[in-house]
Amino acid sequence: MGLYNESPDKFTNTGLNSVGSKYSADFNHDTSLLIEKITNRAIFDAAPQQFMDLKLLNMKAAIPVNSDEFFYQEMGYQRKASVATAASGTVTSPTTQNITLSTVEDIAEDYIIVYPNNKKGTVVKITGNVIEVAPLVNDTLPDVGINDTFALQSPVEADGADGFANYFRATTTERHNYVQLFSKAIKYGEVELFKLQKAAATDNFLEMEKNEMFRQFRADISNAFWNGEKGEAKLKDGSVAKLTQGVYPAMVAAGSPNGTATKGSVRGTFEQVVLDSEFGDYGAVRFAFMTPEQHLELSKEYKDEAVRYTPNDEIAKLGLKEIDLGSSRIVFVPYARFVNDASFPSMFKNKIFILDMKNISLRSMWGERSGETLDRVQGIPKKYKEMWVDANYGVQFNNPLACAYIDVV
């Protein structure tokens, strides 16, 4: 080879860069086949790890169900106040007063009702939606206005009476939901898979990709748990599939207690919706899910009152804090996935959900499955392999009135 003048890069470290070097591309320097591209042999897992909702749900096994549609009965508190739909004037004993009610299903004859001002009278007759009320002896009954509410105090009977003063029959509410089918898979061509197994730049890509598929599968289930819409979806082949209802749409449909708050008023609103949703056992534990930002703000309000929450069964060391409001214990759960706009609409960033987790269960026809499809070696005429996972879940949500939500604006 003859004499020549070469670029100074050839004789310095400046030009000694691997193929694919970002430095050489950014600053227009040479590359060399003598230098290996240095790649970390293990891929770092940078995905969010928070699936506290599924962790809490999985503390109890999914309830088996033998169909993709299921029904369940609830028996609520069998006592409702009566509401007037028309006005009535004052009366004095022995004159009776007629009151028109929105419904008389929860009232009976020989029952003492209590007026808003604490006056009491006895229901002596029911005709349609009109009750005839007698004042107590030598007493009066006040004016009645539209939307006045009457408490049901107790039945009363006379000595030697025939039969019973009051008969009781319980009513139930029937709820239903669907079981939704979930699946996800990775498809590798035969040669593609061989190269990734034998000549990959990293040691753990296949393992990481499979683990990420399982994580995204859990995200699918979690998203449906929170925000699934009960109904039917049309698929690409023209078929239809059932969708399960998540807890938030179920709470909206049931009229669960809710409120709107600013950062300055969030403590008062939080305590009010907790009290409004106390339809469970006295002192029961419920979980408040919120973004880390909301969690930080609310935790500041209770910084001197929070204690570490310890599950009775010690199944999981959750590392969460709880506050005791007397009639309710609330565990604060920071839930970063609400910030993820790839899984939830932006409105979820501003919500606080208070859930009675013991009332919420997953129902499943069979357990989660995973595996690999057969390929040509196993006698199947195809040159690819699929690694897959599938499951089926429906959400059974008992007593949604014992749950609540807040919008922080």
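In what follows, the structure referred to is the one given above.
This text gives an overview of the structure that appears in the document.

1. A look at the overall build of the protein chain
Logical step 1: Regarding its fold elements, the protein chain presents 7 helices and 24 strands.
Logical step 2: Counting the 409 residues in the protein chain, one finds 37% classified as buried.
Logical step 3: Considering only intrachain contacts with a sequence separation of at least 6, the fraction spanning at least 24 residues in the protein chain is 69%.
Logical step 4: When the accessible surface of the protein chain is totalled, it reaches about 23900 Å², and 52% of it is carbon and sulfur.

2. Observations concerning the pairing of strand S18 (residues 321–324)
Logical step 1: Relative to strand S19 (residues 328–334), S18 runs antiparallel, the two sharing 4 bridges. In the strand pairing of S19, Lys321 is matched with Phe332.

3. Looking at the pattern of salt bridges
Here the idea is simple: oppositely charged side chains can pair when their charged atoms come close.
Logical step 1: Overall, the coordinates contain 15 salt bridges when judged by the stated rule.
Logical step 2: Among the salt bridges present, the one from Glu74 reaches Arg175, with a minimum N-O distance of 3.0 Å. Highlighted residues: Glu74 in strand S2 (residues 69–74) and Arg175 in strand S11 (residues 173–178), separated in sequence by 101 residues.
Logical step 3: Taking relative accessible area as the criterion, Arg175 reaches 23% and is therefore assigned partly exposed.
Logical step 4: Asp356 is the salt-bridge partner of Lys358, the closest N and O atoms lying 2.9 Å from each other.
Logical step 5: For Asp356, a relative accessible area of 1% gives the class buried.
Logical step 6: In the salt-bridge network here, residues are joined through shared partners; they are Glu372, Asp375 and Lys385.

4. Structural notes on the packing of aromatic side chains
Logical step 1: Tallying each qualifying case throughout the model produces 22 aromatic pairs.
Logical step 2: With a centroid separation of 6.1 Å and 25° between ring planes, the pair formed by Phe70 and Tyr72 is classed as stacked.
Logical step 3: Ring geometry for Tyr302 against Phe332: centres 6.0 Å apart, planes inclined by 70°, an arrangement best described as edge-to-face. Pair noted here: Tyr302 is in the loop between helix H7 (292–301) and strand S17 (307–308) and Phe332 is in strand S19, with a separation of 30 residues, a long-range link.
Logical step 4: Judged by its relative accessible area of 0%, Tyr302 is buried.
Logical step 5: Taken together, the ring pairs in this structure connect Phe225, Trp226, Tyr248, Phe289, Tyr335, Phe338, Phe344, Phe348, Phe353 and Tyr405 into an aromatic cluster.
Logical step 6: The ring of Tyr384 carries the charged tip of Lys187 above its face, separated from the ring centre by 4.1 Å.
Logical step 7: Directly above the aromatic system of Phe70 lies the positively charged group of Arg363, at a separation of 5.1 Å from the ring centroid.

5. A closer look at unusual backbone geometry
Logical step 1: Backbone torsion omega between Ser93 and Pro94 reads 15°, so that peptide bond is classified as cis.
Logical step 2: Following the sequence through the fold, Pro94 ends up in the loop between strand S4 (91–92) and strand S5 (97–100).
Logical step 3: In this structure, Asp110 takes a positive phi of about 60° despite not being glycine.
Logical step 4: Position of Asp110 relative to the elements: it lies in the loop between S5 and strand S6 (111–114).
Logical step 5: Backbone geometry at Asn399 places phi at a positive 50°, although glycine is not the residue there.

6. Section: a negative patch on the surface
Logical step 1: Judged by side-chain charge, Glu109, Asp110, Glu157 and Asp159 come together as a negatively charged surface patch.
Logical step 2: Following the sequence through the fold, Glu109 ends up in the loop between S5 and S6.
Logical step 3: For Glu109, a relative accessible area of 40% translates into the label partly exposed.

7. Brief notes about the pairing of S19
Two faces make up the sheet, and in a regular strand the side chains alternate between them.
Logical step 1: A large share of S19 lies buried, amounting to 5 of its 7 residues.
Logical step 2: Pairing between strand S16 (residues 284–290) and S19: 7 bridges, direction parallel. Its bridge partner being in S19, Ala288 is matched across the sheet by Phe332.

8. Details of the sheet that holds S6
Logical step 1: Overall, antiparallel pairing links the 6 strands, which are arranged S3-S10-S6-S7-S8-S5 in an open sheet. The open sheet is flanked by strand S3 (82–83) and S5, the only strands paired with a single partner.
Logical step 2: Relative to strand S8 (residues 130–135), strand S7 (residues 120–127) runs antiparallel, the two sharing 6 bridges. Bridge assignment links Ile126 to a residue of S8, and that residue is Ile131.

9. Here we look at the nonpolar core
Logical step 1: Core analysis: the largest hydrophobic core is formed by 45 residues, its most contacted members being Trp226, Phe289, Phe353, Leu355 and Ile360.
Logical step 2: The greatest single-element share of this core, amounting to 8 residues, is contributed by helix H4 (residues 205–227).

Calculation rules
Residues numbered from 1 in each chain as written. Predicted model: local features only at pLDDT ≥ 70, side-chain atom pairs only at ≥ 80, totals over all residues. Heavy atoms only, no water. Helix = DSSP H or I, 4+ residues; strand = E, 2+ residues; numbered from the N terminus. Buried < 20%, exposed > 50% of the residue type's maximum accessible area, 1.4 Å probe, protein only. Contact = heavy atoms within 4.5 Å. Areas by Shrake-Rupley, 256 points an atom, 1.4 Å probe, with all protein chains shown as cover. Pairing = 2+ DSSP bridges. Salt bridge = Lys/Arg side-chain N within 4 Å of Asp/Glu carboxyl O. Phe/Tyr/Trp six-rings, centres within 6.5 Å; stacked < 30°, edge-to-face > 60°. Lys NZ or Arg CZ within 6 Å of the ring centre and 35° of its normal. Patch = residues over 30% accessible without salt bridge, like charges linked within 9 Å, V, L, I, M, F, W, Y side chains within 5 Å. Lys, Arg positive; Asp, Glu negative; His and termini not counted. Charge placed at Lys NZ, Arg CZ, Asp CG, Glu CD. Core = buried A, V, L, I, M, F, W, Y, C linked by side-chain atoms within 4.5 Å.

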